[in-house]
Amino acid sequence: MNSSQPPEPPESLQRAERQAQVVQALQTCLPAHALLWNSEDTTPYECDGLSAYRQRPLVVALPETEAQMQAVLRSCHALDVPVVARGAGTGLSGGALPHRLGVTLSLAKFNQIIKVDRFSRTAVVQCGVRNLAISEAAAPHGLYYAPDPSSQIACTIGGNVAENSGGVHCLKYGLTLHNIVKIKGFTMDGEAVVFGSDALDSPGFDLMSIVIGSEGMLAVALEVTVKLIPRPQLARCIMASFDDIRKAGDAVAAVIAAGIIPAGLEMMDKPMTAAVEDYVHAGYDLSAAAILLCESDGTPEEVEEEIGRMSAVLRGHGASAIAVSRDEAERLKFWSGRKNAFPASGRISPDYMCMDSTIPRKRLADMLLAIAEMEKKYQLRCCNVFHAGDGNLHPLILFDANQAEQLHRAELFGADILETSIAMGGTITGEHGVGVEKLNSMCVQFSAAENEQMFGVKRAFDPKGLLNPGKVIPTLQRCAEYGKMLVRGGQLKHPDLLRF
């Protein structure tokens, strides 16, 4: 070492110096109450819904106006400070995990519904508006917003845009991508941008389809124009019990093969129904190996005909019992269990890791059987709830994060589920995003060249790489290290998937 060079300051001092610099810059952009940097104030922002991974941000900015948001981004861009946008923090893949030397940009104060237009069947809302609040505002006009993630009472439309959220009715009505017409926001350098338009189409490339689901890596959404649809005259739900999970999985594929597109088609295994029944008393059949919830909506005549067709298919594929909701209260009761699957799991385990992969519908039973073997391998319990109609899986791995060894096993369990999903012809995510949780699994699904193409898209929007860095796209070095670890530990069950 050259003794004439001063030694590097300790990491804590580097952080303190950087923090002072950022605070000084942002104090010119924000009122005092909208800027947090003391540890007791920033700790509540240290994680999102994936609480296994935590990191306190350097600074939390809470802009209240468009001009303030733009100024914060410009200041951070000038200082080369990373920015992580955060909505309600309900994400489940660590997408809003702070950067230790960055600014967490809270969008919570952008919570106004600007306009509900019953004639164009659209609503213009700020990014911090809760998902359910949109439907509540549209209800007097007989309209609602279709995507309904289980966290809809809390999650925000900006977060839904970032993750391309779905919900139990996405089979018929689509994901966030299919229900948005325009997004206004800013790039990392504070440039105002608009994706989509109020018209049926917009000129140029369809950049909105790139931005939705980009997990806050390309732009920060400020204002979103959503589609509203008429509330159906009637909705009824079938609860079908199966004494064998393969029969239930085959029944899902059979319903779709019959040309029926239910409003919702969900599947829960026995451990999951036991957990939710104890929590909300939805009336589930606790003796069943699996239950399906199949909903039909439309006119009374359409619903009656479709319920009859679905019931016949379900019986023909081994349903041991079928119950059809008699009124709206019972329909909501049936759905209350599915909607509360996550909190119900939280009651029976200190922590859970909710996975999110997608497989062909015909492989649902194969996946459940594979997960049962993984439970034995990793010595952890798993409750399963699926958006069965489109093959989107949500296995909930139960563990105790206070025991580091359990967390490690949960991570291996989750990676195994994702790798198995790829081997079955699926993908590692459906609606929760990659975040930090699935970074290693991106190395299995995509080659180095494919990941580099994704980095190319990010560089086009964010040349400095400051928006939500270190998420979604793994580096070549990370993939190489992960591959060596898998091979060394004998954990790669499908060597043909090794893409790096």
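Above this text you will find the structure in question.
Notes on the structure follow. Bear in mind that the values here come from a model prediction, so they are computed numbers and not experimental data.

## A look at the overall build of the protein chain
At step 1: Looking only at helices and strands, the protein chain has 17 helices and 19 strands in total.
At step 2: Whereas a compact globule of 500 residues would reach a radius of gyration of roughly 23 Å, the protein chain reaches 23 Å, a difference of no more than 12%.
At step 3: Reported as C-alpha extents along the three principal axes, the dimensions of the protein chain are approximately 80 × 60 × 45 Å.
At step 4: Buried positions account for 53% of the 500 residues belonging to the protein chain.
At step 5: In the protein chain, once contacts between residues fewer than 6 apart in sequence are set aside, the share between residues at least 24 apart is 72%.
At step 6: Counting every atom, the protein chain has about 21,100 Å² of accessible surface; 53% of that belongs to carbon and sulfur.
At step 7: For the protein chain, the distance from the average site of its 46 positive side-chain charges to the average site of its 57 negative ones is 0 Å.

## Concerning the packing of helix α8 (residues 245-257) against helix α10 (residues 300-316)
At step 1: Between α8 and α10, whose axes approach to 9 Å, the crossing angle comes to 140 degrees. Taken together, the axis directions place α8 and α10 in an arrangement best described as oblique. The handedness of the crossing between α8 and α10 comes out as right-handed. Here Ala 251, Ala 254 and Val 255 of α8 come into contact with α10, specifically with Met 310, Val 313 and Leu 314.
At step 2: A class-by-class count of the residues in the contact of α8 with α10 yields 6 nonpolar, no polar and no charged.

## Considerations on the pairing of strand β19 (residues 392-399)
At step 1: The buried fraction of β19 amounts to 8 of the 8 residues, a majority that puts the element mostly inside the structure.
At step 2: Pairing geometry for strand β16 (residues 351-354) and β19, over 4 bridges, is antiparallel. From the neighbouring strand, Cys 354 faces β19, where its bridge partner is Leu 396.
At step 3: Relative to β19, strand β17 (residues 357-358) runs antiparallel, the two being bridged by 2 bridges. Counted as the bridge partner of Ser 357 is Leu 393 from β19.
At step 4: Hairpin connection, strand β18 (residues 382-387) to β19: the antiparallel pair is bridged by 4 residues, and Gly 391 has positive phi, about 75 degrees.

## Section: the side chain of Glu 437
At step 1: Relative to the elements of secondary structure, Glu 437 occurs in the loop between α14 (404-423) and α15 (439-445).
At step 2: Judged by relative accessible area, which is 14%, Glu 437 ranks as buried.

## Re the packing of α8 against helix α13 (residues 364-378)
At step 1: Following both chains from N to C, one finds α8 and α13 inclined at 150 degrees, their axes separated by 7 Å at the closest point. Considered as vectors, α8 and α13 are oriented roughly antiparallel to each other. Facing Ile 245, Arg 246, Gly 249 and Val 252 of α8, the residues of α13 in contact are Leu 364, Ala 365, Asp 366, Leu 368 and Leu 369.

## A look at the environment of Arg 100
At step 1: Mapped onto the elements of the fold, Arg 100 is located in the loop between β3 (83-86) and β4 (103-106).
At step 2: In this structure, the C-alpha to C-alpha distance between Arg 100 and Thr 176, residues 76 residues apart in sequence, is 30 Å.
At step 3: For Arg 100, the residues in contact, after removing those within four places along its chain, are Glu 11, Arg 15, Gln 55, Arg 56 and Leu 58.

## Considering the pattern of salt bridges
At step 1: Under the counting rule described, the total for this entry stands at 24 salt bridges.
At step 2: Its salt-bridge partner being Lys 182, residue Asp 198 comes within 3.1 Å of it at the nearest N-O pair. One end of the pair, Asp 198, is in the loop between β9 (192-196) and α7 (208-211); the other, Lys 182, is in strand β8 (residues 180-186), with 16 residues separating them in the sequence.
At step 3: For Asp 198, a relative accessible area of 61% translates into the label exposed.
At step 4: Its relative accessible area of 17% is what places Lys 182 among the buried residues.
At step 5: A salt bridge links Lys 184 to Glu 223, with the nearest nitrogen and oxygen atoms 3.8 Å apart. Placement of Lys 184 in strand β8 and of Glu 223 in strand β10 (residues 220-227) is noted, with a sequence separation of 39 residues between them.
At step 6: With a relative accessible area of 31%, Lys 184 lands in the partly exposed category.
At step 7: A relative accessible area of 18% means that Glu 223 is categorised as buried.
At step 8: Shared partners join several salt bridges into a network, and the residues in it are Arg 246, Arg 363 and Asp 366.

So, how was this worked out
Residues numbered from 1 in each chain as written. Predicted model: local features only at pLDDT ≥ 70, side-chain atom pairs only at ≥ 80, totals over all residues. Heavy atoms only, no water. Helix = DSSP H or I, 4+ residues; strand = E, 2+ residues; numbered from the N terminus. Rg over C-alpha atoms; globule rule 2.2 N^0.38 Å. Buried < 20%, exposed > 50% of the residue type's maximum accessible area, 1.4 Å probe, protein only. Contact = heavy atoms within 4.5 Å. Areas by Shrake-Rupley, 256 points an atom, 1.4 Å probe, with all protein chains shown as cover. Lys, Arg positive; Asp, Glu negative; His and termini not counted. Charge placed at Lys NZ, Arg CZ, Asp CG, Glu CD. Axes fitted to C-alpha atoms, helices over the stretch in contact; angles between N-to-C directions. Parallel < 35°, antiparallel > 145°, perpendicular 65-115°, else oblique. Left-handed = near helix turned anticlockwise from the far one by under 90°. Nonpolar A, V, L, I, M, F, W, Y, C, P; charged D, E, K, R; others polar. Pairing = 2+ DSSP bridges. Salt bridge = Lys/Arg side-chain N within 4 Å of Asp/Glu carboxyl O.

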